[in-house]
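# Chains, contacts and geometry: an overview
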Amino acid sequence: MKRLLSAALAGLLLCTLAGCGLLSPAPQRREVAYLDLFDTVTTLVAYTDDEDEFTRTAELAHELLLEYHRLYDIYNDYEGLNNLKTVNDHAGVAPVEVDEKIIALLQQAKEYYDLTGGRVNVAMGSVLSLWHQYREEGLADPEGAQVPPAAALEAAAEHMDIGEIVIDEAASTVYLADPELRLDVGAIAKGYATEQAALALEEAGVDSLLLSVGGNIRAIGSPQGEDSAWRIGVQDPAGTAQDYLWALDLTGASLVTSGSYQRYYTVDGVRYHHIIDPETLFPADYFDSVTIYTRDSGLADALSTALFCLPYEEGLALVESLEGTEALWVDTGGTVRTSGGFPENLLG
């Protein structure tokens, strides 16, 4: 469902304390970008004098993320692989034997559904596919752009019961009991995959790396030891990709932003973005952006969608119920609010 942010393209100021001239001397900054993961830009950054080591780390990270990308893809088939498209294609027909990484994602998805009161629902693919269709048609033909008819959205919403996702862990199968239910994991897949890849990299001995998977930021360690941190900028939703509203230091944690300015189309002068409120079946209209700071990139990804679809007071209560989690909201009028422990703004 989201996020076209990237380290190089959409508002993430990747600058260490060393790179800002506060420490000297500094190892060389190395960066690589990939375009074949999750339909977005993935950027890896490290500070090291060992180019070969960085190359090996980047290749391992890409390999890990590519596996998740293929497994969680709902649009494309891959020879010899049962992925989420395979599961969707067999809705109401038969259980599909899948990799344990799909089982784990869907189990986590059900937990996020409960945590967010249904604001994050991977079973609402029938609704999201309608919006995707109309958005693509509207972008291709702006003069003829339309919104999905309310009746069509309501009919699709009859098939988004997450309870119809039947998981048999022992058999490693997934079955969609409703033939018209469709999975769409866009609200959680990038963050979940980023977190799992980061954990695997840490197990492999990587102790310093910054991953940005379409703007889902996950910092492994710090860039240059205990006295340094990854300086991350949060884009101003009213500005360009180079305009920063906030900056913070990130060490061993995640930062994820959802924004109405990232994927949208216009109908009769009204902007319709891609973050759909499951209550109204239309784009949520509380905020222009929501940023989550927490340890787990998967949780951050899910919460950035959930809080985008909740009034500020309800979102704040949810954030305050979660240890080590903070949020920043920019409402549609430009007002900025933060939870009590959101990291200090280093742009001031």
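Conventions used here
Sequence order as written defines residue numbering, which begins from 1 separately in each chain. In keeping with the model being predicted, local features are shown solely for residues with a pLDDT of at least 70 and side-chain atom pairs are shown and tallied solely at 80 or more, while totals for entire chains, interfaces and linings include all residues. Hydrogens are left out, water is left out, and the side-chain values use all remaining heavy atoms of the structure. Partly exposed describes any residue whose relative accessible area lies between the buried limit of under 20% and the exposed limit of over 50%, with all areas from a 1.4 Å probe on protein chains only and scaled to the type maximum. Here a helix means four or more residues in a row that DSSP labels H or I, a strand means two or more in a row labelled E, and each is numbered from the N terminus. For two strands to count as paired, DSSP must find a minimum of two bridges between them. Expected helix span is taken as 1.5 Å per residue step, with the number of steps being one fewer than the number of residues. Here a residue-residue contact requires only that any non-hydrogen atoms of the pair lie within 4.5 Å. The distinction between a cavity and a pocket rests on a 1 Å grid over the protein atoms alone: a 1.4 Å probe fits inside a cavity but cannot get out, while a pocket stays open yet meets protein on both sides within 12 Å along at least five of seven lines, and a residue with an atom within 4 Å of a point counts as lining. Grid points are joined across faces, edges and corners, and a volume is the space filled by probe spheres set on the points. Polarity classes work like this: nonpolar for Ala, Val, Leu, Ile, Met, Phe, Trp, Tyr, Cys and Pro, charged for Asp, Glu, Lys and Arg, and polar for all others, with Gly in that last group. pLDDT measures how confident the predictor is about each residue, on a scale from 0 to 100. Classification of ring pairs rests on two measures: the distance between centres of Phe, Tyr or Trp rings, Trp counted by its six-membered ring, which must be within 6.5 Å, and the angle between planes, read as stacked under 30 degrees, edge-to-face over 60 and tilted in between. Both a distance and an angle decide whether a charge sits over a ring: NZ of Lys or CZ of Arg must be within 6 Å of the ring centre and within 35 degrees of the ring normal.

Among the 5 residues in strand β8 (residues 216-220), 5 count as buried, and that is most of the element. On β8, burial covers both faces: N216, R218 and I220 on one face and I217 and A219 on the other are all buried. Across 5 bridges, strand β7 (residues 209-213) lies against β8 in antiparallel orientation. By the bridge assignment, S212 is partnered in β8 with I217. Turn length for the β7-β8 hairpin, with the two strands adjacent in sequence and antiparallel, is 2 residues, and the turn residue G214 shows positive phi of about 60°. Pairing of β8 with strand β11 (residues 254-259), which is carried by 2 bridges, proceeds in the antiparallel orientation. Opposite R218, over in β11, you have S254 as the bridge partner.

With 16 residues, helix α4 (residues 125-140) ought to run about 22 Å at 1.5 Å a step, and its terminal C-alpha atoms sit 22 Å apart, in line with that. Restricting attention to buried positions, one finds in α4 the residues G125, S126, V127, L128, L130, W131, Y134, R135 and G138. Here the buried face of α4 lies against α5 (150-157), β12 (264-267) and β13 (270-273).

By volume, the second largest pocket amounts to about 240 Å³. Along its surface, the second largest pocket is lined by 13 residues, and E53, F54, T57, V206 and S208 are the ones closest to its centre. Elements with a minimum of two residues in the lining of the second largest pocket: β3 (40-47) and α1 (51-71). Top element by residues in the lining of the second largest pocket is α1. It accounts for 5 residues. Split into classes, the residues belonging to the lining of the second largest pocket amount to 6 nonpolar, 4 polar and 3 charged.

Okay, the confidence of the model for the chain next. With 92% of its residues at a pLDDT of at least 70, the chain reaches an overall mean of 92. This stretch, residues 1-24, has a pLDDT under 50; its non-local contacts, to residues over four places away or in other chains, come to 105 contacts.

So, about the packing of aromatic side chains. Taken as a whole and judged by the stated rule, the model has 10 aromatic pairs. Look at Y265 and Y272: their rings are 6.1 Å apart centre to centre, the planes differ by 40°, and that puts the pair in the tilted class. When its relative accessible area of 17% is taken as the criterion, Y272 is described as buried. Aromatic side chains Y293 and F342 sit 6.5 Å apart centroid to centroid with 65° between the ring planes, which places their arrangement in the edge-to-face category. In this pair, Y293 is assigned in strand β14 (residues 287-294) and F342 in the segment after β16 (336-338), connecting sequence segments 49 residues apart. By the ring-pair criterion, three or more aromatic residues cluster together here, those being W131, Y265, Y272 and F282. Lying across the ring of Y264, R271 places its NZ or CZ 3.9 Å from the centre. Here the basic side chain of R337 rests over the ring of Y312, its NZ or CZ set 4.4 Å away from the ring centre.

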